[in-house]
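Reading the structure
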Amino acid sequence: MAGHSKWANIKHRKAAQDAQRGKVFTKLIRELVTAAKIGGGDVGTNPRLRAAVDKALSSNMTRDTINRAIERGVGGGDDTNMETRVYEGYGPGGTAVMVECLSDNANRTISQVRPSFTKCGGNLGTEGSVGYLFSKKGLILILEADEDALTEAAIEAGADDIQPQEDGSFEIYTAWEDLSDVREAIEKAGFKIESAEVTMIPSTSVDLDAENAPKLLRLIDMLEDCDDVQNVYHNGEISDEVAALL
């Protein structure tokens with residue numbers, strides 16, 4: 001979700017996500033293969049691959065598995081003819097939703113994505129309908145730290161912004177291509193990073209009530225269950241009060 005509520009809701013759903021680790025790994029490997037195919041196998045010159053490797057490592061994927069996926073991408077083969085497809089739509093409560101997919105069959109993918117919106121009270125939009133609301137950024141989450149020391153370290157590392165959250169955690173924003181460098185610098189400064197990812201940050205948010213919040217969570221879950229869907233982004237904001245009712 002947006003802001004501090006995003007992480008509260010992620011923790012709320014973590015058990016269910018852990019149960020789907022096999023599916024998560026499949027999607028991570030698919031992104032590694034595709035990124036390596038498109039931009040080559042050197043993370044130093046391929047920002048998309050570097051972001052994919054960072055995400056895989058954050059999900060506890062082994063280096064051997066990552067390297068095998070990169071080798072498959074560089075070597076080509078039947079499983080590397082994937083294309084990135086992004087679908088935009090409107091979710092419950094007027095939320096903006098972007099669905100990033102990797103697929104070799106557009107008809108199959110749209111037949112998975114469209115019904116998810118319909119069943120949850122939303123609808124699929126046209127290209128550009130909500131994409132202008134999102135910016136691609138690197139996002140680093142730190143649960144606990146001295147604010148002054150972390151701010152100094154983040155600025156020194158080249159971060160764009162640092163935002164303290166109501167629960168005491170910190171969100172650090174970077175240019176997505178710089179995420180790995182900033183992460184490494186902050187870790188070297190002695191701070192423990194909870195997560196680091198390339199994501200789409202919305203410029204505006206929509207506050208969801210107790211009726212629409214569960215519908216949005218259901219939409220996210222349904223989309224993430226689709227084999228072709230890699231990531232789901234939205235601008236729904238779920239307050240702590242509403243989250244406590246879910």
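First things first, this report covers the structure right here in the doc. Within each chain, residues carry numbers counting from 1 in the order of the written sequence. Totals for whole chains, interfaces and linings use every residue, but because this is a predicted model, local features are given only for residues with pLDDT of at least 70 and side-chain atom pairs only at 80 or more, for both listing and counting. Based on all heavy atoms of the structure, the side-chain values leave hydrogens and waters out of the count.

Details of the nonpolar core
- To form a nonpolar core, buried Ala, Val, Leu, Ile, Met, Phe, Trp, Tyr and Cys residues must be joined to one another through side-chain atoms within 4.5 Å. For the exposure calls, accessible area comes from a 1.4 Å probe over protein chains only, and a residue counts as buried if that area is under 20% of its type's maximum, exposed if over 50%, partly exposed in between. Counting 22 residues, the largest nonpolar core has V99, V113, F117 and L223 as its most contacted members.
- Contributions of two or more residues to this core are made by β2 (96-103), α6 (106-119), α9 (212-224), β9 (229-234) and α10 (240-243).
- Only runs of H or I of at least four residues qualify as helices and only runs of E of at least two qualify as strands under DSSP, and these elements are numbered from the N terminus. At 6 residues, the largest contribution of residues to this core is made by α9.
- Whether two residues are in contact is decided by their heavy atoms, any of which lying within 4.5 Å being enough. With residues near it in sequence (within four places) discarded, V99 still touches R85, V86, Y87, V113, F117, L223, V229 and N231.
- Within the second largest apolar cluster, 18 residues are counted, among which are I162, L179, I186 and F191.

What about the sheet that holds strand β7 (residues 195-202)?
- The strand order across the open sheet formed by 4 strands is β5-β6-β4-β7, and the pairing between neighbours is antiparallel. The sheet is open, and its two borders are formed by β5 (161-164) and β7, each paired with just one other strand. Here the strands of the sheet are splayed against their neighbours by 30 degrees on average, with no regard to which way each runs.
- As paired strands, β5 and strand β6 (residues 170-175) are joined by 4 bridges and run antiparallel to one another. Bridge pairing links D161 to Y173 in β6.
- Axes, fitted as lines to C-alpha atoms, cover a helix only where it is in contact. Angles between the N-to-C directions of the axes lie from 0 to 180 degrees. Helix α7 (residues 147-157) rests against β4 (134-142), β5 and β6 of the sheet, and its axis sits at about 10 degrees to β6. Note: two strands are recorded as paired if DSSP finds a minimum of 2 bridges between them.

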